[in-house]
Amino acid sequence: MNDIEVENITKKFGDFTAVDAVSFTVAHGEVFGLLGPNGAGKSTLIRMMTTLLTPTSGSVRVNGFDVVESPNEVRKSIGVIPQAMTSDLTLSAEENMWIFARLYGVPGEKRKRIIGELLEAVQLSDWAKKPVRTFSGGMRRRLEIARGLVHEPKIFFLDEPTTGLDPVSRVAVWEMIDRLKRERDLTVLVTTHYMDEADKLCNRVAIVDHGKLVALDSPMKLKASIPGNNTLEVSFSHVPPGWLDTLKGLPDVAAVTPSDNVFRITTNNGPLTTVKLFEAAREAHAEVASLSVQSTTLDDVFVYYTGRQLRDAVDEHAVYDISHIYGRR
Amino acid sequence: MNRILAIIERDLRMFKRSPALIFASLMLPLVQLVVLGYAFGGNIKHLKVGVVDQDHGLEAVKLGNKLNAIEATAQTFTTQPYHDLHTALTDLRNGRLNGVINIPPNFTRDVLAQADPQIGLAVDNTDNFTAGTLESSLANLVNDYYKNGITPRVAPTIALQTVELYGYTPYIQYFLPAAIALSIFITAMIGGGIMYIDDKARGVHEGYLVTPIGKTELILGFTLSGAIKGVMAGVILMVFGTLIAGIPDPLDPWRLAKMFMVIVPTSIAFISMMFLMMVRTDDPLVPRSIFGVLNTLLFFPSGAIYPINAFPSWMHWIAIVDPFTYAIHGFKALLLKNTGFAAITGDITFLVVFSLIMMVSATALFRRTF
């Protein structure tokens, strides 16, 4: 049985279709990434899977339970880390966790032990009694990850867990998610804007755009799926006439984009194209001035599937900014 | 100059786009104008006066007619016949009457015999405004007793013997019940209104909603936590207020217990009312901007600072549905008259029923999913 089964799910807000007939499954133990530009429908999807939104049509089963018919069974099976940091700042780390343990109905004798274990796991044991207001963004995020696991869920939803964190904290958060996933046998569904993270940590990623699922596979297969799996950036001592056509005619070349003296060549066979490129340059008496060879990244995959235009969508879950009241959020 | 204009432009543009702010800055003074304008110094009317006729003679009937005439014209009071003085005085003590007129057994005989006829007036002087109005109205009646009619050759002077039921009530004591109710209201407004919406805006409630907590559990949790804070505020104000205002025997445990019995449903009533107002609200500016309007609209018509009997009828209607009215009535009965439980059962009943209606409505309107 799959831990998450999304079948033909659609969510409309008035005339606006936020999620349009999306289907996918997430197997047990998988780390599943949900990628997409701002306003693509990722948050709406997560909110439907976590029982916050009712789908307009289609069905979602989480841990075998339908989100509409048995929402409480779903809620018991999942841990959710929302995008906004919601820990109470004046309470200590331990108190924040204690409250959620009670909300989830974790029995009294178990509560203390689990909270201790989880704070240890996210390396906040020394900070257990300190008010959260003294925590850095990364620490707060780690606390929320621990908080989301306090009832020992099977499936863990994280909505942009590393947004706004510095690179070191980002790495720490991901290492923690990875370790917790292995130790606690979790299935993880995560949304992120950082393609390198998704590449390294997700078993499979789904790319969502305009509310539709546009690609779904392992990062490696996705990278292989787009034309050109290497990119050469090359510049020459001088540009011989008809040079662009010569470059386009090299074996396995998918596309050539000139920019001043620099040519960006995408190719399906980096090594072969490179060798032929040098040969062609020698014949044309042009010297290669600089050359870099890059593998296709998930960024390229993302841009390939979602295009380059900016997404200016109305945020259907407008969040009121009250940071002026509470200081740093 | 450009920089100054930039700041002005930004602020004015923001203001233009915040309906809640515009509403607050215009509505509050308007509401205050209307409510406060009518809340002070109107003619006190429709006081409830019990009439005990122990005489049943001709002169008693004549007096009754004169009372009816005032009832029909100036409308200062409405009379209610009582058979025995004891019941009338009990109702007076329990706040069901504002005054009791006693026509003694030999009234007609004394008038005819010119033997110093007297009528008695007992007033609930914990409210100096109503007591004063009743006293002056009846004093006029007695003075003008022979004005419209055939004046006997030797007209006997009817004496009005006024009995004040309680010691003198200074205004600070009169205002104390209102201060206690206000402390609970402000706690509800901050805890149940402002902090609730701020938590919602921060996404804290979404954190609750992904747990298996039920709708009713959530509303009960929010209401009871707010009510506990309200009770704490009310109790602190009660203890310090009675000491500051000089209420006799301030720490009488039985009275404190009865006060507690009014403070608890008052807190629940205010907080549940606030939740009902906030249940579909997301904008943190809303509770902040309605704070003043709500305070004016509910506090002043409740009889907190001036008797309800002086208000126009629309303010009466507010007073009837306003939890402030019942809280203040209950606190007044206990603090100023040290009444028994019977005087506050009506108040407690209203506050409990009001809370239930508010909580059921809030639960019905609360959206667990969207």
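Criteria and cut-off values
- Residues numbered from 1 in each chain as written.
- Chains lettered and ligands numbered in written order.
- Predicted model: local features only at pLDDT ≥ 70, side-chain atom pairs only at ≥ 80, totals over all residues.
- Heavy atoms only, no water.
- pLDDT = per-residue confidence, 0-100.
- Contact = heavy atoms within 4.5 Å.
- Buried area = accessible area lost by both parts, 1.4 Å probe.
- Salt bridge = Lys/Arg side-chain N within 4 Å of Asp/Glu carboxyl O.
- Polar contact = N/O pair within 3.5 Å; in protein donor to acceptor, adjacent residues only side chain to side chain.
- Helix = DSSP H or I, 4+ residues; strand = E, 2+ residues; numbered from the N terminus.
- Nonpolar A, V, L, I, M, F, W, Y, C, P; charged D, E, K, R; others polar.
- Pairing = 2+ DSSP bridges.
- Axes fitted to C-alpha atoms, helices over the stretch in contact; angles between N-to-C directions.
- Buried < 20%, exposed > 50% of the residue type's maximum accessible area, 1.4 Å probe, protein only.
- 1 Å grid on protein atoms, 1.4 Å probe; cavity = no way out; pocket = protein on both sides within 12 Å on 5 of 7 lines; lining within 4 Å.
- Points joined across faces, edges and corners; volume = space filled by probe spheres on them.

**Side note on the confidence of the model for chain B**
Across chain B, the average pLDDT comes to 88, with 97% of residues at 70 or higher. Among the prediction metrics, the complex's ipTM stands at 0.80, with pTM recorded as 0.82.

**Topic: the interface of chain B and chain A**
The partner chain A presents 26 residues to the 20 residues of chain B that form the contact. Between chain B and chain A the total buried area reaches about 2,200 Å² when both faces are included, carbon and sulfur atoms providing 60% of it. For the pair chain B and chain A, the number of links is two salt bridges. Between B:Glu206 and A:Arg47 there is a salt bridge, with the nearest N and O atoms lying 2.6 Å from each other. Applying the counting rule to chain B against chain A returns four residue pairs in polar contact (both at pLDDT 80 or more). Elements represented by at least two residues in the side of chain B that touches chain A include exactly α7 (171-202) and α8 (204-209) of chain B. In terms of residue count, α8(B) provides more of the side of chain B that touches chain A than any other element does, five residues in total. Per-class residue counts for the side of chain B that touches chain A are nine nonpolar, four polar and seven charged.

**Focus on the sheet that holds strand β7 (residues 155-159) of chain A**
Residue and element names in this part refer to chain A. The strand order across the open sheet formed by six strands is β6-β7-β8-β3-β9-β10, and the pairing between neighbours is mixed. Edge positions in the sheet fall to β6 (78-81) and β10 (212-217), since each of these pairs with one other strand and no more. Between one strand axis and the next, the sheet turns by 15° as a mean value, whatever way the strands run. Here strand β3 (residues 31-35) runs beside strand β9 (residues 204-209); their pairing, made up of four bridges, is parallel. Along β9, the bridge assignment pairs Leu-35 with Ile-207.

**Notes on unusual backbone geometry**
All names here are of chain A. The backbone phi angle of Asp-185 is positive, close to 55°, even though this residue is not glycine. By the element assignment, Asp-185 lies in the loop between α6 (167-184) and β8 (187-191). For Asp-252, which is not glycine, the phi dihedral falls at a positive 70°. As for its placement among the helices and strands, Asp-252 is situated in the loop between α9 (243-248) and β12 (253-259). On the accessibility criterion, Asp-252 (36% relative accessible area) is partly exposed.

**Regarding empty space enclosed by the protein**
Residues and elements named next belong to chain A. According to the stated counting rule, one finds one cavity of 30 Å³ or more in the structure shown. In this structure, the largest cavity spans a volume of roughly 50 Å³. Breaking the lining of the largest cavity down by element, the ones donating at least two residues are β6 and α5 (137-148). Per-element accounting of the lining of the largest cavity gives the leading share, three residues, to α5. Split into classes, the residues belonging to the lining of the largest cavity amount to five nonpolar, two polar and two charged.

**Digging into the side chain of A:Thr192**
All names here are of chain A. With respect to the helices and strands, the residue Thr-192 is situated in the loop between β8 and α7 (195-201). With a relative accessible area of 1%, Thr-192 lands in the buried category. A distance of 2.9 Å separates a polar side-chain atom of Thr-192 from the backbone nitrogen of Tyr-194. Here Glu-197 takes part through its side chain, which lies 3.0 Å from a polar atom of the side chain of Thr-192. Aside from chain neighbours lying at most four places away, what touches Thr-192 is Leu-34, Leu-35, Glu-160, Thr-162, Glu-197 and Ala-198.

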